[in-house]
Amino acid sequence: MTAAGAAVVFLFRKKNSMTLHRVMLGFAAGVMIAASMWSLLIPAIEKAEELGMVGWLPAAGGSILGIGFLLLMDYLLPHFGPESFHRGASPSRTALLVLAVTLHNIPEGMAVGVSFALAAQSGDAALLTASTALAIGIGIQNFPEGAAIALPLYQEGMGKGKAFCIGATSGLVEPVFALLTVLVAGTVQLVLPWLLSFAAGAMLYVVVEELIPEANLSQGGHSGTLGVMAGFLIMMILDVALG
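What comes next concerns the included structure. (Residues numbered from 1 in each chain as written. Predicted model: local features only at pLDDT ≥ 70, side-chain atom pairs only at ≥ 80, totals over all residues. Heavy atoms only, no water.)

## Regarding the packing of aromatic side chains
Inference 1: Considering all chains together, one arrives at three aromatic pairs under this definition.
Inference 2: Centroid distance tryptophan 38 to phenylalanine 232: 5.7 Å. Interplanar angle 70 degrees. Geometry classified as edge-to-face. With a gap of 194 residues between them, tryptophan 38 in helix H2 (residues 18–50) and phenylalanine 232 in helix H10 (residues 223–242) connect regions that are remote in the sequence.
Inference 3: Under the relative-accessibility criterion, tryptophan 38 is labelled partly exposed at 31%. (Phe/Tyr/Trp six-rings, centres within 6.5 Å; stacked < 30°, edge-to-face > 60°. Helix = DSSP H or I, 4+ residues; strand = E, 2+ residues; numbered from the N terminus. Buried < 20%, exposed > 50% of the residue type's maximum accessible area, 1.4 Å probe, protein only.)

In structure tokens form, the structure reads like this:
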């Protein structure tokens, strides 16, 4: 589903529209804000309380760790201008965007792995059905995430093929970490709230540091702002409706 979302880039032809550029960056920001709340922070709090922890502690602590991690990455990664796309180099904001979405996909994959592991251990058919629904729901949520990576990259001047590959690759970690989690399901549950909130902090950092400033929401009318709202609402509806 992440690859299917990234494939939307092949439907676009015009590269130089600043309005579309703002809309796509705004859409990516809206998707990531909603995903960080409904896919990551709220489940982190609920999981922590289920395990007998103080709900806000891993949510806040993990977020701080995620923000700190990307601050370090932002410092270590070389900074390039938008023209770097045309030379084939990758500017730091591209790496941060892909890294944030990839980090977000890791705990989602782990959540699916934990769910199926518990269903297998209990032998309850109802839990298996619920686990399947969770996997399908997360898969559908990944569609706008793939588009949220590929489309802004294409608008910056990157080739369609390369933008698609980067968008699609960000989702590969989900099945990998789902399978790894099944193997260590007994121990991973304790750190899952921290992993969920770590990814949330990383995503919010990218939104505030890179996407919203780059979208220039104050320019060109309300196109960028409407993009943020559209991305947020679509992702929120998917998260809530699909559980």
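## What to know about helix H7 (residues 173–183)
Inference 1: Looking at H7, one finds that the buried residues are Val173, Glu174, Ala178 and Thr181. End-on view of H7: buried residues confined to an arc of 130 degrees, all on one side of the axis. Opposite the buried face of H7, at more than 90 degrees from it, the exposed residues are Leu179 and Leu183. (Arc of directions from axis to C-beta.)

## A closer look at the pattern of salt bridges
One side chain can pair with another of opposite charge once the charged atoms of both are near each other.
Inference 1: Applying the stated criterion across every chain, the model contains one salt bridge.
Inference 2: A salt bridge links lysine 47 to glutamate 50; its shortest N-O distance comes to 3.4 Å. Taken together, the residues lysine 47 and glutamate 50, both in helix H2 and three residues apart, mark about one turn of the helix.
Inference 3: Residue lysine 47 is classed as buried on the basis of its relative accessible area of 11%.
Inference 4: The class for glutamate 50 is exposed, based on a relative accessible area of 59%. (Salt bridge = Lys/Arg side-chain N within 4 Å of Asp/Glu carboxyl O.)

## Let's talk about the packing of helix H3 (residues 56–76) against helix H9 (residues 192–215)
Inference 1: In contact at an axis separation of 6 Å, H3 and H9 are set at 50 degrees when each is read in the N-to-C sense. Here H3 lies oblique to H9, going by the angle between them. Handedness of the crossing formed by H3 with H9: right-handed. (Axes fitted to C-alpha atoms, helices over the stretch in contact; angles between N-to-C directions. Parallel < 35°, antiparallel > 145°, perpendicular 65-115°, else oblique. Left-handed = near helix turned anticlockwise from the far one by under 90°.)

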